[in-house]
Amino acid sequence: KAGVTQTPRYLIKTRGQQVTLSCSPISGHRSVSWYQQTPGQGLQFLFEYFSETQRNKGNFPGRFSGRQFSNSRSEMNVSTLELGDSALYLCASAHGPQGPGNTIYFGEGSWLTVV
Amino acid sequence: DQQVKQNSPSLSVQEGRISILNCDYTNSMFDYFLWYKKYPAEGPTFLISISSIKDKNEDGRFTVFLNKSAKHLSLHIVPSQPGDSAVYFCAASASGSARQLTFGSGTQLTVLP
């Protein structure tokens, strides 16, 4: 079955602009979470959505936001881009309610470069 | 405050030998641990996981050991193959926020032919 799909794979934006990234989870998965990977900070949790509701949020400014649709697809948005937002943004999906034992699968990521 | 630590940034082993990757954690609320393998410009690929109610989990060439009292886990790869060369991340989560993974900084494994 298809894995986690992220679009676009690569994009370049200018400082001050905004960007929207899209994620389609594995079929049947209702949880979508987002992570940021940078060389300096490693892989950091942004937020998680389950059944269209944000369940958890990491320590990121309000410029980072997301949403989930009724078909479980998710988008994340970064407004007023800064150079430090250049990163690989990873989407992950999982099946089922909260609790251990739910393996989390990652997409290939969206590479964002802010110039 | 690094709650999940991988203290070895890199590890080199000979093909056919055992690779042992280590991970330490500080948050006693963590009760589920996962290992991911990552190639550059790709997303992490799930390898193996372990719940805190177990101390060992095996899947083919991969075995994860958990020592709760020491807050330490390790991933054993036997035998190591050149295709195993990648960055390995340890991740942890706590019940109640099971899909909020806290990652270590990764260990670059190089398997030499």
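Residues numbered from 1 in each chain as written. Chains lettered and ligands numbered in written order. Predicted model: local features only at pLDDT ≥ 70, side-chain atom pairs only at ≥ 80, totals over all residues. Heavy atoms only, no water.

A closer look at the overall build of chain A
Operational definition: The way it works is that DSSP assigns letters per residue, a run of H or I at least four long becomes a helix, a run of E at least two long becomes a strand, and they are numbered from the N terminus. In this setup the radius of gyration rests on C-alpha atoms only. A globule is expected at 2.2 Å times the number of residues raised to 0.38. Only heavy atoms enter the contact rule, under which two residues are in contact if any of them lie within 4.5 Å. Calculation of accessible area relied on Shrake-Rupley with a 1.4 Å probe; when residues are assessed, cover is drawn exclusively from the protein chains displayed. Positive charges are assigned to Lys and Arg, negative charges to Asp and Glu, while His and the chain termini are left out of the count. Charged groups are reduced to one reference atom each: NZ for lysine, CZ for arginine, CG for aspartic acid, CD for glutamic acid.
Along the backbone of chain A there are zero helices and 11 strands. When its helices and strands are written in sequence order, chain A yields β-β-β-β-β-β-β-β-β-β-β. The C-alpha radius of gyration computed for chain A amounts to 13 Å, which stays within 12% of the reference 13 Å derived for 115 residues, consistent with globular compactness. Put simply, 53% of the contacts in chain A that link residues at least 6 apart link residues at least 24 apart. In the form shown here, chain A has an accessible surface area of approximately 5,300 Å², with 48% of it arising from carbon and sulfur atoms. The centroid of the 10 positive side-chain charges in chain A is displaced by 2 Å from the centroid of its 6 negative side-chain charges.

Observations regarding the state of the cysteines
Condition: For the purposes of this analysis, a disulfide is any pair of cysteine sulfur atoms at a distance within 2.5 Å. Burial classes: relative accessible area under 20% of the type maximum marks a residue as buried, over 50% as exposed, and values in between as partly exposed (1.4 Å probe, protein chains only).
This structure, assessed with the given rule, holds two disulfides over all chains. Put simply, Cys-23 of chain A and Cys-91 of chain A are joined by a disulfide, and their sulfur atoms are 1.8 Å apart. When the S-S torsion is -65 degrees, as for the bridge of Cys-23 of chain A with Cys-91 of chain A, the disulfide is left-handed. Here Cys-23 of chain A is found in strand 3 (residues 19-24), whereas its partner Cys-91 of chain A is found in strand 9 (residues 87-94), with 68 residues between them in sequence. You'll find Cys-23 of chain A and Cys-91 of chain A in the same group, each marked buried. The disulfide partner of Cys-23 of chain B is Cys-90 of chain B, and the gap between their sulfur atoms is 2.0 Å. Measuring handedness by torsion sign, the sulfur bridge of Cys-23 of chain B and Cys-90 of chain B sits at about -70 degrees and is left-handed.

Things to note about the pairing of strand 9 (residues 86-94) of chain B
Residue and element names in this part refer to chain B. The condition is simple: Whether two strands pair comes down to DSSP finding at least two bridges between them.
A large share of strand 9 lies buried, amounting to eight of its nine residues. Note that strand 4 (residues 30-38) and strand 9 share eight bridges and pair antiparallel. Considered in strand 9, the bridge of Phe-33 is made with Ala-92. Pairing between strand 9 and strand 11 (residues 107-112): three bridges, direction antiparallel. Directly across from Val-87, in strand 11, lies its bridge partner Gln-108.

Focus on the sheet that holds strand 1 (residues 5-7) of chain A
Residues and elements named next belong to chain A. Heads up, the condition is: Think of each axis as a best-fit line through the C-alpha atoms, taken over the contacting stretch in the case of a helix, with angles from 0 to 180 degrees between the N-to-C directions.
Strand order in the open sheet formed by four strands is 1-3-8-7, with antiparallel pairing between adjacent strands. Both edges of this open sheet fall to strand 1 and strand 7 (64-68), since each of them pairs with a single strand only. Pairwise comparison of adjacent strand axes, ignoring direction, gives a mean angle of 20 degrees for this sheet. The pairing of strand 1 with strand 3 spans three bridges and is antiparallel. Residue pairing across strands places Gln-6 opposite Cys-23, the latter belonging to strand 3.

Comments concerning the environment of Ser-19 of chain B
Residue and element names in this part refer to chain B. Let me state the cut-off plainly: Here a polar contact is taken to be a pair of N or O atoms separated by no more than 3.5 Å, where protein atoms must pair a possible hydrogen donor with a possible acceptor and residues adjacent in sequence count only if both atoms sit in side chains.
Here Ser-19 is to be found in strand 3 (residues 19-25). Taking the relative accessible area as the measure of exposure, Ser-19 reaches 0% and is therefore buried. Excluding residues that lie within four positions of it along the chain, Ser-19 makes contacts with Val-13, Leu-75, His-76, Ile-77, Ser-80 and Leu-109. Separated by 2.6 Å, the side chains of Ser-19 and Ser-80 make a polar contact.

Comments concerning the layout of surface pockets
Spelled out, the test is: Method remark: on a 1 Å grid restricted to protein atoms, a set of points is classed as a cavity if a 1.4 Å probe fits but cannot get out and as a pocket if it is open with protein on both sides within 12 Å along at least five of seven lines; lining residues have an atom within 4 Å of a point. Grid points are joined across faces, edges and corners, and a volume is the space filled by probe spheres set on the points. Side-chain classes follow a simple rule in which Ala, Val, Leu, Ile, Met, Phe, Trp, Tyr, Cys and Pro form the nonpolar group, Asp, Glu, Lys and Arg form the charged group, and the remainder, Gly included, forms the polar group.
Considering only enclosed or pocket space, the largest pocket measures out at about 570 Å³ in volume. Around the largest pocket sit 25 residues that line it, and Leu-43 and Gln-44 of chain A together with Asp-1, Gln-3 and Thr-102 of chain B are the ones nearest its centre. Mapped by element, the contributors of at least two residues to the lining of the largest pocket are strand 5 (42-50) of chain A together with strand 9 and strand 10 (97-103) of chain B. Residue contributions to the lining of the largest pocket peak at five residues, all from strand 10 of chain B. Residues belonging to the lining of the largest pocket are distributed by class as follows: nine nonpolar, 15 polar and one charged. Here the second largest pocket is characterised by a volume of approximately 200 Å³. Every residue lining the second largest pocket is counted, 14 residues in all, and those nearest its centre are Gln-37, Thr-38, Pro-39 and Trp-111 of chain A together with Lys-38 of chain B.

Some details on a nonpolar patch on the surface
Quick note on the threshold: Only residues above 30% relative accessible area that lack a salt bridge enter a patch, with like-charged residues linked at up to 9 Å and the nonpolar side chains Val, Leu, Ile, Met, Phe, Trp and Tyr linked at up to 5 Å. Put simply, a salt bridge is a Lys or Arg side-chain nitrogen that is within 4 Å of an Asp or Glu carboxyl oxygen.
Where nonpolar side chains cluster on the molecular surface, the patch consists of Ile-18, Ile-20 and Val-78 of chain B and spans about 220 Å² of accessible area. When its relative accessible area of 41% is taken as the criterion, Val-78 of chain B is described as partly exposed.

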